[in-house]
Amino acid sequence: MLVPVYGGGSLADLPDAMLAALGVREPGTPDTANAPDTVSAPETTADAPGTVSAPKTTADAPGTVSTPNPVADTPITANTSGAPDARDAATALTAATDPPLVLEPAERVCLFLVDGLGAELLRAHAEAAPFLSSLAGRTLTAGFPATTVTSLCSLGTGLTPGEHGMLGLTLAVPGTGHLFNCLRWTLPGGLTMDPDQWQPAPTVYQRAVRAGIDSVYVGPAEFEGTGLTRAVYRGVRYVAADAVDDRVARVHEAMRAGSAHLTVYYGDLDAAGHMTGWGSEEWLRQLAVVDDMARRLAEGLPPGSALYVTADHGMVNATEKIDAERVPELTEGVALLGGEARARHVYAERGAGEGVLEAWRDTLRGKAWVVSRQEAVESGWFGPRVRDTWLERIGDVVAVPYTDLAITAPTRNRIEALFIGYHGSMTAAEQYVPLLEVRT
């Protein structure tokens, strides 16, 4: 099992580091280590048995982004059926810490966020992305689950999943009997969810604005004003641009106009991976688009600028699928099936929790880590702390494949069941994301 590295080596550490590079030292939120509304994972050591920590930097200054290229230097770790038994998975985990992530000062910073650009995927096809493969940087972990809504919220708040509460793709809304899709921002029956209520933490963009910094997000027009955008990008000035040329142009225009804190998003690589598999012809074509877009963004940077390239998660290609709706052992006692195919939140009927846990463990033995909510929280899967408020959003059982298995639910999620590429788990291919840098 690859342990998400919180506290120096995860996506949640990047927002504060970028603000600090601009001279903004305001902390994101008060430390909640001893707050009554949190559940903390027991302290463990980085060398606990069964853990794998993200590669540490080798620069002269601890934590700075001036290390050898992770695309060339990080080994590919294949998924393995020899993973520890699911009962031992939780106790094998540790919320390991790296040195603080430190970025060198800059007059303006731009984050190029590429959906699905896993570090190991990039390394495996370095020849298809010569510009990105030439850049220095380091490797971060996405956090758990390795999925877009969780990572975007970590990048948007500087908090770990256990603190910001975006704990998966589809989550139970406590006390309602409903599943909430955090990506599409939808509830059944026409019900609605207030973004400020679901994710109340202040964002990094609000902090930038308070510091007098114009914070800009360049992305597709269809995402402007959505519930997810309002939850994770509150305070940003959204600049809609659909074509690659337009996104590059809008970034350069904003920088020339004085904007100092920018994010630009590209999502088609992830879409290609889902539908045709990472490494496919279409995926490689999209990787070339990403590489060219990064090069063009870098070439237009004004002096004193820094461009960072990262991703929200990686991906694996499924070689096996289990239809959780058609296996009696996986349906008995289950009230709601949330999460996604590589990170399932299983919500049990009242009094059925232990039986559901045992049934899922027995059925998925040798294929997935299956733990209780308490085990997942105490083992630091969602970060060193989880707020009490968010606990019931987590499944009574959490099932996370470590082989190339997808746990599908075709009736509820027909398109997802047809995917080839999936993400969400704690394998290296899904967890490792690059942090690459260009400076002018």
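Above this text sits the structure in question.
Model, not experiment: these values are computed from the prediction.

What counts and what doesn't
Residues numbered from 1 in each chain as written. Predicted model: local features only at pLDDT ≥ 70, side-chain atom pairs only at ≥ 80, totals over all residues. Heavy atoms only, no water. Helix = DSSP H or I, 4+ residues; strand = E, 2+ residues; numbered from the N terminus. 1 Å grid on protein atoms, 1.4 Å probe; cavity = no way out; pocket = protein on both sides within 12 Å on 5 of 7 lines; lining within 4 Å. Points joined across faces, edges and corners; volume = space filled by probe spheres on them. Nonpolar A, V, L, I, M, F, W, Y, C, P; charged D, E, K, R; others polar. Buried < 20%, exposed > 50% of the residue type's maximum accessible area, 1.4 Å probe, protein only. Contact = heavy atoms within 4.5 Å. Axes fitted to C-alpha atoms, helices over the stretch in contact; angles between N-to-C directions. Parallel < 35°, antiparallel > 145°, perpendicular 65-115°, else oblique. Pairing = 2+ DSSP bridges. Core = buried A, V, L, I, M, F, W, Y, C linked by side-chain atoms within 4.5 Å. Salt bridge = Lys/Arg side-chain N within 4 Å of Asp/Glu carboxyl O.

**Considerations on the environment of Asp268**
Step number 1: Within the secondary structure, Asp268 is located in helix H12 (residues 268-276).
Step number 2: The sequence separation of Asp268 and Gly116 amounts to 152 residues, and the corresponding C-alpha distance is 8.8 Å.

**Let's talk about the layout of surface pockets**
Which parts of space are left empty comes out when a probe the size of a water molecule is rolled across the atoms.
Step number 1: Roughly 980 Å³ of internal volume is contained in the largest pocket.
Step number 2: Along its surface, the largest pocket is lined by 36 residues, and Leu183, Arg184, Phe223, Asp270 and His274 are the ones closest to its centre.
Step number 3: Looking at the lining of the largest pocket, the elements with two or more residues in it are helix H6 (148-157), helix H10 (227-232), H12, strand E12 (334-340) and helix H17 (414-417).
Step number 4: It is H12 that contributes the most residues to the lining of the largest pocket, four residues altogether.
Step number 5: Its residues assigned to classes, the lining of the largest pocket comprises 14 nonpolar, eleven polar and eleven charged.

**So, empty space enclosed by the protein**
Step number 1: Within this structure, the stated rule accounts for one cavity of 30 Å³ or more.
Step number 2: What lines the largest cavity is Leu14, Pro15, Met18, Leu111, Leu113, Leu152, Leu155, Val204, Tyr205, Tyr233, His261 and Thr263.
Step number 3: Elements that contribute at least two residues to the lining of the largest cavity include exactly helix H1 (14-21), strand E2 (108-114), H6, helix H9 (204-210) and strand E8 (261-266).
Step number 4: Per element, the largest residue contribution to the lining of the largest cavity is three residues, and it comes from H1.
Step number 5: Looking at the lining of the largest cavity residue by residue, the classes come out as ten nonpolar, two polar and no charged.

**Quick word on unusual backbone geometry**
Step number 1: Note the cis peptide between Phe144 and Pro145, where omega equals -5°.
Step number 2: Position of Pro145 among the secondary structure elements: in the loop between strand E3 (136-141) and H6.
Step number 3: With phi around 60°, Trp185 is a residue other than glycine that occupies positive phi space.
Step number 4: Structurally, the position occupied by Trp185 is in the loop between strand E5 (178-181) and helix H8 (195-198).
Step number 5: Judged by relative accessible area, which is 13%, Trp185 ranks as buried.

**Details of H1**
Step number 1: When you tally the buried positions in H1, you get six out of eight residues, the bulk of the element.
Step number 2: Along H1, the positions that sit buried rather than exposed are Leu14, Pro15, Ala17, Met18, Leu19 and Ala21.
Step number 3: Buried-residue contacts for H1 involve E2, H6, H9, E8, strand E9 (305-311) and strand E19 (432-439).

**Description of the packing of H12 against helix H13 (residues 281-299)**
Step number 1: The N-to-C vectors of H12 and H13 enclose an angle of 170°; their axes lie 8 Å apart at closest approach. Here H13 runs roughly antiparallel to H12, going by the angle between their axes. In contact with Asp268, Leu269, Ala272, Gly273 and Thr276 of H12, H13 contributes Glu282, Trp283, Gln286, Leu287 and Val290.
Step number 2: Of the residues that constitute the contact of H12 with H13, the class distribution is five nonpolar, three polar and two charged.

**Quick look at the sheet that holds strand E14 (residues 368-372)**
Step number 1: Across the sheet, which stays open at both edges, the four strands sit in the order E12-E13-E16-E14 with antiparallel pairing between neighbours. Either end of the sheet is taken by a strand with one partner, and the two such strands are E12 and E14. Between one strand and the next, the sheet's axes are offset by a mean angle of 20°, whatever the strand orientation.
Step number 2: Bridging between E14 and strand E16 (residues 397-401) involves five bridges; their strand directions are antiparallel. From the neighbouring strand, Ala368 faces E16, where its bridge partner is Pro401.

**Quick notes on the nonpolar core**
Step number 1: Core analysis: the largest hydrophobic core is formed by 107 residues, its most contacted members being Phe112, Leu132, Met166 and Trp381.
Step number 2: Ranked by the residues each element gives to this core, the list is headed by H13, at seven residues.
Step number 3: Core analysis: the second largest hydrophobic core is formed by 19 residues, Ile322, Val346, Leu357 and Val370 among them.

**A closer look at the pattern of salt bridges**
Step number 1: Using the criterion set out here, one finds 21 salt bridges in the structure.
Step number 2: We note a salt bridge from Glu107 to Arg108, for which the minimum N-O separation is 3.7 Å.
Step number 3: The exposure class assigned to Glu107 is exposed, which follows from its relative accessible area of 54%.
Step number 4: For the salt bridge of Arg439 with Glu437, the shortest nitrogen-to-oxygen distance reads 2.8 Å.
Step number 5: Under the relative-accessibility criterion, Arg439 is labelled partly exposed at 31%.

**Focus: the pairing of E12**
Step number 1: Most of E12 is tucked away, with six of its seven residues classed as buried.
Step number 2: As paired elements, E12 and strand E13 (residues 343-348) share six bridges and run antiparallel to each other. Paired with Gly338 across the bridge in E13 is His345.
Step number 3: Hairpin geometry of E12 and E13 is characterised by an intervening segment of two residues between the two adjacent antiparallel strands.

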